[in-house]
Amino acid sequence: MSYTIAEIAASLGAEAFGDTSLRIARLAEPADAGPDDLALATKPAYAEALPQGKARAAMLWDGADWQALGLKAALIAPRPRFAMAGLTAMMDPGEGWGEGVHPSAVVDATAELGDGVTVGPLSVIGARARIGAGTRIGPNVTIGAEAQIGDSGVIREGVKIAARVRIGARVFIQPGAAIGGDGFSFVTPEVSGVEQARASLGDQGEATAQSYVRIHSLGSVRIGDDVEIGANATIDRGTIRDTEVGDRTKIDNLVMVAHNVIVGSDTLLCGQVGIAGSTRIGSNVVLAGQVGVSDNITVGDRVIAGGGTKILSKVPAGRVILGYPAVKMDTHIEMYKHMRRLGRLFQDVAGLKKAVSKTAQTD
Amino acid sequence: MSYTIAEIAASLGAEAFGDTSLRIARLAEPADAGPDDLALATKPAYAEALPQGKARAAMLWDGADWQALGLKAALIAPRPRFAMAGLTAMMDPGEGWGEGVHPSAVVDATAELGDGVTVGPLSVIGARARIGAGTRIGPNVTIGAEAQIGDSGVIREGVKIAARVRIGARVFIQPGAAIGGDGFSFVTPEVSGVEQARASLGDQGEATAQSYVRIHSLGSVRIGDDVEIGANATIDRGTIRDTEVGDRTKIDNLVMVAHNVIVGSDTLLCGQVGIAGSTRIGSNVVLAGQVGVSDNITVGDRVIAGGGTKILSKVPAGRVILGYPAVKMDTHIEMYKHMRRLGRLFQDVAGLKKAVSKTAQTD
Amino acid sequence: MSYTIAEIAASLGAEAFGDTSLRIARLAEPADAGPDDLALATKPAYAEALPQGKARAAMLWDGADWQALGLKAALIAPRPRFAMAGLTAMMDPGEGWGEGVHPSAVVDATAELGDGVTVGPLSVIGARARIGAGTRIGPNVTIGAEAQIGDSGVIREGVKIAARVRIGARVFIQPGAAIGGDGFSFVTPEVSGVEQARASLGDQGEATAQSYVRIHSLGSVRIGDDVEIGANATIDRGTIRDTEVGDRTKIDNLVMVAHNVIVGSDTLLCGQVGIAGSTRIGSNVVLAGQVGVSDNITVGDRVIAGGGTKILSKVPAGRVILGYPAVKMDTHIEMYKHMRRLGRLFQDVAGLKKAVSKTAQTD
């Protein structure tokens, strides 16, 4: 897996300079680069470290003088961060799982595997499951009965996909993700303290303590094409209909998507985000790390929520929010400035009280 | 697995109307319902979608006019949400894991399996483990040496139950849950900066940087009857005694219950809740999503904490709390209202300062 | 595995009193202790429960009168919490996984296993992986191609270690941890709304909605010696270079360490902490439970962050912080006191307005 500078440039639609026959086997940061590596020096600041390494070729920013940097060859792409997508895809060494179905895998006789499917050691594929052509399944994976996975996916080590889950094409599912756990859905025989506290904003009323009874999850999970699901993330089954994740949505590690949630397309759910039951998240949304979203609400398209935001009520489309509870980002910044100045305000008011009481006395 | 309307009504203690011999194979939301489905239209708002589907039978709210809705049969239960528990249990299609012990499972010769226990492919049952009658164990599960699980439980794909863990009857453990990891318990040779900062509320003092030494977990985990544990949740071993989870408590996905924690009965720990070491959570408590609880404190019975609440100190029984740090919900709402009006307050004080300084001058 | 009081004292460097030939098989809390247990009564308050149990021997605090407590033997260590490290290590009963390589494990012919390595049932060791002497690997574990693990480690049930990950000696990796998932790294063809909102602190500008393209992770993960990684925690691969965790750092359950992150040595990341991409965490840092750290920032050495702190910008070395967003702990306490008194402040200002308007009228 090595490529000439010319081949890389052609593949990325980048411009190539110098000795474009130089052969590249690896990408490297400038200071770590060896003579056969392509150094990634896409900003002048990064290029300063080139002399610490031994790079002969680098990817540079638009307008860079590659010769002045002492290089033998260079690549320049208009949006270098975007070029990284193609470049890293070319150079990906893969997982080394081998080809075909490993003899230790337990594949049900009724499962259908497309052309070129690989199944790693000690993985289980259930009855009537269907795996699309070219999908690679790692070791210690469980795929449940009647589950479906589209073409050209990658299912990493220890992933658990439950019965009847349907997943589109070209997905990446990271180690340990659990898709199709049962929803966290329980009910008390009588109206509970939580139901009362929610209705009254804080008062549990006379509700007596009760035990919960399980509502079973009869729905499953439906995941679109080109979706990524992070390590040890969880997506639960719906109660009656399916929980849904739209095309091209990317879900990070340890994210929880609860039962009945619908996530739109082209949305990012970053690390440790939690979406409670029956909530709808729009398309082109970005929820940064550790964002939480209450159950049964709607987060509109193109909403961006900063890290740690707790969304307790509906958010209109296009809003940029932050805080606990979530408010518009500029409101949050203003509230925060005020808080930092509260000490002064208390002093001012104390001073005013003294002045006014004196004025009153002297009147 | 199909039932007549009459059979369903008898099983749920609901009232049946119309052609109660209609046979139901599936539950559906009103708009999605086919002619053999039972549509769930337990509120007038839901019933509005009935014409979009093809339901001939529906579960309705008390007082609904089923004939006016164009149905051939109907069920009415006094608390429809509670009826869902029985209804979904009847209709649950299960995981399709098959019966008996799969030949690829590695069951230690000294393990004791009760009548009707099923063990999925590629699961491991350790020495002297005991599994109660009727418990179903999915694929890729690990059950450690001397672990005990009661009757009629469901242990989903990839669950890890460590040596010596004891679990009651009728539990549901969701995919990837890890029960019996070692506690996060370390100690420095001398008093550490954290110990000093805690004692002084913020000052690390002269503590020099040190390395941590591991305290091994000799206790295990004890889990009651009718408990549910969510996907990829973790419950750690106690240091000397066991970590405990009481009967009928429900734990959601990605929840962390640390070493030595004691959780009472009939408590809900929702998604991504974290309980730090040696803390006690009462019975009939509800901690909503992403709540965090500090170590070595007590949260009383019937406490309800809203989403994202961070509980840093003891909470008396029955309190409804919210915020970071946690305060009574009504206090939180009031504090928040004040914060939203701080801009006005700063303006008012600025105006007062001007007025008072003018008054002083004119005196 | 039982020891005399004399043996224990010698091993811990503790003082022994009374009948030091008493043989101890178990540690216990005072109230639970049987006649062959060592009761842990390292504070006078704990010793009060000794009469409820049957302990004949106890570990006590410096200066305790063991005879007055009715004991036959006692141990006194200068820092009892530190003595617990050695004591619990001696008494640890282990996981009961057995010796050698279980016949059901799938170990690639090119993998190199050191002396005394044990591999549990149904575990997978990939091509050219190297496992150091004495390392114990549990059941259902996956170790990827070319991964390296040092000597004397413990790799618990269901751990997933990806291709090319390098791990030092004497590590403990808890059940279900996933090391070497791909980084959450995506790029849009054009500048995205998030990039604009970050640059402008809240305004998405005219950015049109776009789809994300994957940046593959070519780096791996490098973990030092004596590291602990918690149950279901995740550590992602770096993009070009490795994600790194320094020696003796301890990582708790459900923690996420994102791609390119560098964590120093002797640092504690407590339960559910999340560190976003490319951030650097210093040495001797403590991040308490549910702390979040934004991407591309630096947290200095010896920083201590209280539970739930959200670190959105750089933190200098040695600082003790709390809150969302993070501020110095004493600043946080002051801000919080102010917030609790805002109701009074609003009243005071209202009173002042009335008084001043009256004064103005009477002038």
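Residues numbered from 1 in each chain as written. Chains lettered and ligands numbered in written order. Predicted model: local features only at pLDDT ≥ 70, side-chain atom pairs only at ≥ 80, totals over all residues. Heavy atoms only, no water.

Helices and strands together make up the secondary structure of chain A, namely 6 helices and 39 strands. Scaling as 2.2 N^0.38, a compact globule of 363 residues should have a C-alpha radius of gyration of about 21 Å, whereas chain A reaches 28 Å, well beyond that. On the principal axes, the C-alpha backbone points of chain A span a range of 90 × 65 × 30 Å. Across the 363 residues in chain A, those meeting the buried criterion constitute 61%. For chain A, the proportion of contacts with a sequence separation of at least 24, taken over those separated by at least 6, is 20%. As displayed, chain A has an accessible area near 13600 Å², and 48% of this comes from carbon and sulfur atoms. (Helix = DSSP H or I, 4+ residues; strand = E, 2+ residues; numbered from the N terminus. Rg over C-alpha atoms; globule rule 2.2 N^0.38 Å. Buried < 20%, exposed > 50% of the residue type's maximum accessible area, 1.4 Å probe, protein only. Contact = heavy atoms within 4.5 Å. Areas by Shrake-Rupley, 256 points an atom, 1.4 Å probe, with all protein chains shown as cover.)

Turning our attention to the nonpolar core. Core analysis: the largest hydrophobic core is formed by 156 residues, its most contacted members being A:L287, B:L287 and C:L287. Of all the elements in the fold, those that place two or more residues in this core are β23 (221–223) and β28 (256–257) of chain A, β23 (221–223) and β28 (256–257) of chain B together with β23 (221–223) and β28 (256–257) of chain C. Once residues lying within four places of it in the same chain are set aside, the contact partners of B:L287 are B:L268, B:L269, B:C270, B:V273, B:I275, B:I281, B:V293, B:A305 and B:I311. Counting residues in each nonpolar core, the second largest holds 36 residues, with A:F184, C:A197, C:I304 and C:L322 among its members. (Core = buried A, V, L, I, M, F, W, Y, C linked by side-chain atoms within 4.5 Å.)

Quick look at the relation of the copies chain A and chain B now. The two copies are related by a screw operation: chain A maps onto chain B through 120° of rotation and 0.0 Å of translation along the axis, at an RMSD of 0.1 Å. The operation mapping one copy onto its partner corresponds to a three-fold rotation axis. (Least-squares fit on C-alpha atoms with pLDDT ≥ 70 in both.)

On to the interface of chain C and chain A, then. With 79 residues of chain C at the contact, the number on the chain A side is 76 residues. Summed over both partners, the interface of chain C with chain A comes to about 6100 Å²; 65% of that surface belongs to carbon and sulfur atoms. In this assembly, chain C and chain A are joined by 5 salt bridges. Sorting the residues of the side of chain C that touches chain A by element identifies β17 (160–161), β20 (178–181), β21 (186–187), α4 (193–200), β22 (213–214), β25 (234–236), α5 (329–340) and α6 (342–362) of chain C as the ones contributing at least two each. (Buried area = accessible area lost by both parts, 1.4 Å probe. Salt bridge = Lys/Arg side-chain N within 4 Å of Asp/Glu carboxyl O.)

Further remarks concern the sheet that holds strand β30 (residues 268–269) of chain B. All names here are of chain B. Read from one edge to the other, the open sheet built from 11 strands follows the order β10-β13-β16-β19-β24-β27-β30-β33-β36-β38-β39, with strand pairing classed as mixed. The open sheet has two edge strands with one neighbour each: β10 (118–119) and β39 (327–328). Inspection of the sheet shows strand β27 (residues 250–251) paired to β30 by 2 bridges, in the parallel sense. Bridging from a neighbouring strand, I251 pairs with L269 of β30. (Pairing = 2+ DSSP bridges.)

To continue, consider the interface of chain A and chain B. Accessible area lost during the coming together of the parts is what is often quoted as the interface size. At the junction of the two partners, chain A supplies 79 residues and chain B supplies 77 residues. In total, about 6100 Å² of surface goes out of reach between chain A and chain B, with carbon and sulfur atoms giving 65% of it. Scanning the region where chain A abuts chain B turns up 5 salt bridges. Across the salt bridge formed by A:D182 and B:R156, the nearest N and O atoms sit 3.4 Å from each other.

Another aspect to go through is the domain arrangement of chain A. Segmentation of chain A into domains returns domain 1 (3–91) and domain 2 (106–329). The straight-line distance from the C-alpha centre of domain 1 of chain A to that of domain 2 of chain A is 39 Å. (Domains from an automatic or database assignment.)

What follows deals with the UniProt feature "active site" (unreviewed entry) in chain A. Residues and elements named next belong to chain A. As annotated in UniProt, the feature "active site" (unreviewed entry) corresponds to H259 in the numbering used here. Tracing the backbone shows H259 in the loop between β28 and β29 (262–263). According to the relative accessible area criterion, H259 is buried, its value standing at 10%. Other than its neighbours up to four places away in sequence, H259 contacts G183, F184, S185, D236, R237, G238, T239, T243, G277 and S278. (UniProt positions renumbered as here; feature names shortened; annotations may be inferred.)

Inspection of every chain in the model, using the stated rule, returns 3 aromatic pairs over all chains. Summarising the aromatic geometry, the rings of A:F184 and A:F186 are spaced 5.0 Å apart at their centres and angled 80° between planes, so their arrangement reads as edge-to-face. Assessed through its relative accessible area of 14%, A:F184 is described here as buried. Positioned above the aromatic ring of B:F346 is the side chain of A:R341, whose terminal nitrogen or guanidinium carbon lies 4.4 Å from the ring centre. (Phe/Tyr/Trp six-rings, centres within 6.5 Å; stacked < 30°, edge-to-face > 60°. Lys NZ or Arg CZ within 6 Å of the ring centre and 35° of its normal.)

Next up on the list: the sheet that holds strand β5 (residues 37–41) of chain B. Residues and elements named next belong to chain B. The 5 strands are arranged β2-β7-β6-β5-β4 in an open sheet whose pairing can be described as mixed. Single-partner strands in this sheet number two, and they are β2 (15–18) and β4 (26–28). Adjacent strand axes in the sheet meet at a mean angle of 25° when their direction is disregarded. Sheet analysis places strand β6 (residues 57–60) next to strand β7 (residues 73–76), joined by 4 bridges and oriented parallel. Counterpart to L60 in the pairing with β7 is I76. Each of β2, β5, β6 and β7 touches helix α1 (residues 5–12); the most contacted strand, β7, lies at about 5° to it. (Axes fitted to C-alpha atoms, helices over the stretch in contact; angles between N-to-C directions.)

Moving on, we get to the packing of α1(B) against helix α3 (residues 80–91) of chain B. Any two packed helices are characterised by how steeply their axes cross, that is the angle between the axes, and by the distance between the axes. Residue and element names in this part refer to chain B. Put simply, α1 and α3 touch, their axes get as near as 10 Å, and they point 125° apart. With respect to each other, α1 and α3 are oriented oblique. Handedness of the α1/α3 crossing: right-handed. Residue-level inspection shows I8, S11 and L12 of α1 in contact with α3, the latter providing A83, G86, L87, M90 and M91. The residue inventory of the contact of α1 with α3, partitioned by class, reads 6 nonpolar, 2 polar and no charged. (Parallel < 35°, antiparallel > 145°, perpendicular 65-115°, else oblique. Left-handed = near helix turned anticlockwise from the far one by under 90°. Nonpolar A, V, L, I, M, F, W, Y, C, P; charged D, E, K, R; others polar.)

Turning our attention to the packing of helix α5 (residues 329–340) of chain A against α5(C). Relative orientation of the contacting elements α5(A) and α5(C) amounts to 95°, with a least axis distance of 10 Å. In terms of their interaxial angle, α5(A) and α5(C) are classed as roughly perpendicular. Facing A:Y336, A:M339 and A:R340 of α5(A), the residues of α5(C) in contact are C:T331, C:M335 and C:M339. Residues that form the contact of α5(A) with α5(C) fall into these classes: 4 nonpolar, 1 polar and 1 charged.

Further remarks concern helix α1 (residues 5–12) of chain C. Residues and elements named next belong to chain C. Among the residues of α1, those classed as buried are I5, I8 and A9. Considered in projection along α1, the buried side chains sweep an arc of 100° and stay on one side of the axis. Immediately beyond the C-terminal end of α1, within one or two residues, lies G13, with a positive phi of roughly 70°. (Arc of directions from axis to C-beta.)

Bringing the pairing of β6(B) into the picture now. All names here are of chain B. Because side chains alternate across β6, one face comprises the buried residues A57 and M59, and the other comprises A58 and L60, equally buried. One ladder, built from 4 bridges, connects β5 with β6; its direction is parallel. Across the sheet, residue L40 finds its bridge partner in β6, namely M59.

What follows covers the side chain of C:S265. Relative to the helices and strands, C:S265 is located in the loop between β29 (262–263) and β30 (268–269). Contacts of C:S265, omitting those with residues within four sequence positions, involve C:G246, C:D247, C:R248, C:T249, C:S283 and C:N284.

Moving on to the pattern of salt bridges. Oppositely charged side chains can form a pair if their charged atoms are brought close together. All chains considered together, the criterion is met by 51 salt bridges over all chains. For B:R222, the salt bridge goes to B:D242, with nearest N and O atoms at 3.5 Å. One end of the pair, B:R222, is in strand β23; the other, B:D242, is in the loop between β25 (234–236) and β26 (243–245), and 20 residues separate them in sequence. Through salt bridges with shared partners, a single ionic network connects A:E95, A:R156, A:E157, A:E228, C:D182, C:R214 and C:R237.

Turning our attention to a negative patch on the surface. Side chains of A:D330, A:E334, C:D203 and C:E206 sit close together on the surface and give a patch of like negative charge. With respect to the helices and strands, A:D330 occurs in helix α5. (Patch = residues over 30% accessible without salt bridge, like charges linked within 9 Å, V, L, I, M, F, W, Y side chains within 5 Å. Lys, Arg positive; Asp, Glu negative; His and termini not counted. Charge placed at Lys NZ, Arg CZ, Asp CG, Glu CD.)

Next up on the list: the confidence of the model for chain A. Per-chain confidence: chain A averages 94 in pLDDT, with 98% of residues scoring 70 or above. For this predicted complex, the interface confidence score (ipTM) comes to 0.95, while the overall pTM stands at 0.96. (pLDDT = per-residue confidence, 0-100.)

This part covers unusual backbone geometry. Residue B:P325 follows B:Y324 across a cis peptide bond; omega there is -5°. Mapped onto the elements of the fold, B:P325 is located in the loop between β38 (320–322) and β39. Of note, A:R302 is a non-glycine position whose phi angle comes to about 60°, a positive value. As for its position among the elements, A:R302 is in the loop between β35 (298–299) and β36 (304–305). Residue class for A:R302 comes out partly exposed when judged on its relative accessible area of 38%.

With respect to the element layout, C:E228 can be found in strand β24 (residues 228–229). The exposure class of C:E228 is buried, given its relative accessible area of 3%. In this structure C:E228 touches B:D182, B:F186, B:R214, C:F172, C:Q174, C:T249, C:K250 and C:I251, once residues within four positions along its chain are discounted.

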